[in-house]
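# Structure at a glance
Okay, here's what each chain looks like letter by letter:
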Amino acid sequence: MCNGAGLHFVVLLSLIGIATAESSINHDYFKYNPMTEVSNWMAQIAKTHPDVVTIVEYGKTYEKRTISLLKIGVKSEAKKKAIWMDCGIHAREWIAPAFCQYFVKEILQAYKTDPKMQQMMTNMDFYVTPVLNIDGYIHSWTTDRLWRKNMSPGPYNCSCNGTDLNRNFDANWGTIGVSTDCCSNIYCGTQPVSEPEAQAVTYFVGSRIEDFLCFLTIHSYGQLLLLPYGHPNFTASNYDELMEVGNGAAEAIRKVHGMSYTVGTSPDVLYPNSGSSRDWARLKGIPFAYTFELRDNGTFGFKLPENQIQPTCEEAYSGALHIITYAHDKTFNSAVATVAAALWTVLSAAAVTGNNLM
Ligand SMILES: [Zn+2]
């Protein structure tokens, strides 16, 4: 009887184990998930990877929902570099949150076996916000599939809701590619960073700006990799490098499923604009700031069919990883290179001095 009871206990424990493992495996990365499922998934990821994942709450939406991100990296007391990724700043671009979920799954999987990912997670933390514009995302599920903006009310004399969060950041705000009509889809708000969701990113990233090497903001559609700046009168000081790394990312994307992504500034390949989070990040000093415009080219547009989620995520992952790896290696490998070069200079100087003494 004792053995029987013991056996039952073991079986019960195994079932609990399976149930726990299953519930994290059961998340479907290749369908569009409503906000409640995204939130449950975030909690599950933090619970199943406590060694490397924490949930950080960093703001509230207009409708008082909590904005949170997954901080992913080897925990350390030392100051680490960081990678920013946000998805779902525009509500209707459902492929973007799907990509953030996939990205998290992939880096956590790679961390188990890939020495390069282990190195990157030791040196850097990944800050991933799966859905930034939560109110808008929910509205796009419940009421208006093509809703883009957040849900804050317009000014006193306007009956329309919503500000375009990607026109609301403090980067040449209100100057080009925006509307001051609060019914417009590109309404930029009453002043820079008037919106709580834009404030959350501005304060969180701004408070540790020197840590961030990359700022990747994920949108759809158009198959583009956009770099700063949206205003045609300004050029990023590292424009050439941004283009080179962007072209490398596009090539990495092409290798996965043969899809073509165009690289350039917004005015060069899409349209001029101001107040984007990408431009703000670059203006504040984050070197590698990119907007990803995922699939497609307009056939389905924002309503990308679910059977394209997997290939879209696979190729975009490859592109994102190219940029992140470049930024990492430039920072950490060139630190070693700099020390070696400095040592060589000292040795050469000694040699020269030695020669002179002869
Ligand atoms: Zn967008």
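Residues numbered from 1 in each chain as written. Predicted model: local features only at pLDDT ≥ 70, side-chain atom pairs only at ≥ 80, totals over all residues.

### Section: helix H3 (residues 95-113)
- For H3, built from 19 residues, the straight-helix expectation of 27 Å at 1.5 Å per residue is met to within 8% by its first-to-last C-alpha distance of 27 Å.
- Every buried residue of H3 is accounted for by Ile95, Ala96, Pro97, Ala98, Phe99, Cys100, Gln101, Tyr102, Phe103, Val104 and Ile107. (Helix = DSSP H or I, 4+ residues; strand = E, 2+ residues; numbered from the N terminus. Expected span 1.5 Å × (residues − 1). Buried ≥ 20, exposed ≤ 12 C-beta atoms within 10 Å, placed from the backbone.)

### A look at the pairing of strand E7 (residues 262-265)
- Strand direction decides the pairing type here: strand E6 (residues 224-227) and E7, joined by 4 bridges, are parallel. Residue Leu224 lies in a different strand from E7, and its bridge partner there is Thr262.
- Regarding topology, helix H7 (residues 239-257) serves as the crossover connection from E6 to the parallel E7, and that connection is right-handed. (Pairing = 2+ DSSP bridges. Right-handed = clockwise from strand over helix to strand, strands pointing away.)

### Let's talk about the environment of Lys255
- Mapped onto the secondary structure, Lys255 falls in helix H7.
- Here Lys255 falls in the exposed class, since 12 other C-beta atoms lie within 10 Å of it.
- For the pair Lys255 and Glu315, spaced 60 residues apart in sequence, the C-alpha separation works out to 7.9 Å.

### Some points on the nonpolar core
- By size, the foremost hydrophobic cluster in this structure holds 88 residues, and its most contacted members are Phe99 and Cys214.
- Residue contacts for Cys214: discarding those within four places in its chain leaves Ile83, Trp84, Phe288, Ile323, Ile324 and Ala327. (Core = buried A, V, L, I, M, F, W, Y, C linked by C-beta atoms within 7 Å. Contact = placed C-beta atoms within 7 Å.)

### A short note on the sheet that holds E7
- The mixed open sheet is built from 8 strands, whose spatial order is E1-E2-E4-E3-E5-E8-E6-E7. A single partner strand is all that each edge strand has here, and the edge strands are strand E1 (53-60) and E7. Between one strand axis and the next, the sheet turns through 20° on average, direction left out of account.
- Pairing between strand E5 (residues 212-220) and strand E8 (residues 288-294): 7 bridges, direction parallel. Bridge assignment links Ile218 to a residue of E8, and that residue is Phe292. (Axes fitted to C-alpha atoms, helices over the stretch in contact; angles between N-to-C directions.)

### Digging into the pairing of E8
- Here E8 lies mainly inside the structure; 7 of its 7 residues are buried.
- The side-chain alternation of E8 yields two buried faces, one formed by Phe288, Tyr290, Phe292 and Leu294 and the other by Ala289, Thr291 and Glu293.

### Brief notes about the packing of H3 against helix H4 (residues 115-123)
- As a packed pair, H3 and H4 sit with axes 6 Å apart at the nearest point and diverge in direction by 110°. On the basis of the axis angle, H3 is roughly perpendicular to H4. On H4, the residues touching Ile107, Ala110 and Tyr111 of H3 are Met117, Gln118 and Met121. (Parallel < 35°, antiparallel > 145°, perpendicular 65-115°, else oblique.)

### Some thoughts on helix H2 (residues 35-48)
- In this model, H2 (14 residues) spans 20 Å end to end at C-alpha, consistent with the 20 Å of a helix rising 1.5 Å per residue.
- For H2, every residue scored as buried is listed here: Val38, Trp41, Met42 and Ile45. End-on, the buried residues of H2 take up no more than an arc of 105°, which puts them together on one face. Residues of H2 that are exposed and angled more than 90 degrees away from the buried face: Thr36 and Ala43.
- On its buried face, H2 sits against E1, strand E2 (66-72) and H3. (Arc of directions from axis to C-beta.)

### Considering unusual backbone geometry
- A cis amide bond, omega 0°, links Pro228 with the succeeding residue Tyr229.
- Note on placement: Tyr229 falls in the loop between E6 and H7.
- Of note, the amide linkage connecting Arg295 to Asp296 takes the cis form, showing an omega dihedral of 0°.
- Summarising the element assignment, Asp296 is placed in the loop between E8 and helix H10 (309-357).
- In this structure, Asn172 is a non-glycine residue whose phi angle is positive, near 50°.
- Considering the arrangement of structural elements, one finds Asn172 in the loop between helix H5 (134-142) and helix H6 (196-206).

### Here we look at the environment of Tyr317
- Among the secondary structure elements, Tyr317 is positioned in helix H10.
- The class for Tyr317 is buried, based on 20 C-beta atoms found within 10 Å.
- In this view, Tyr317 contacts Tyr102, Phe103 and Glu106; residues no more than four positions away in its chain are not counted.

### Structural notes on the environment of Ile72
- Among the secondary structure elements, Ile72 is positioned in strand E2.
- Sequence separation of Ile72 and Ile55 is 17 residues, and the distance between their C-alpha atoms is 8.9 Å.
- If sequence neighbours within four positions are ignored, Ile72 has contacts with Val52, Val53, Val104, Ile107, Asp125, Phe126 and Val128.

By themselves, these are just geometric observations and shouldn't be taken as functional.
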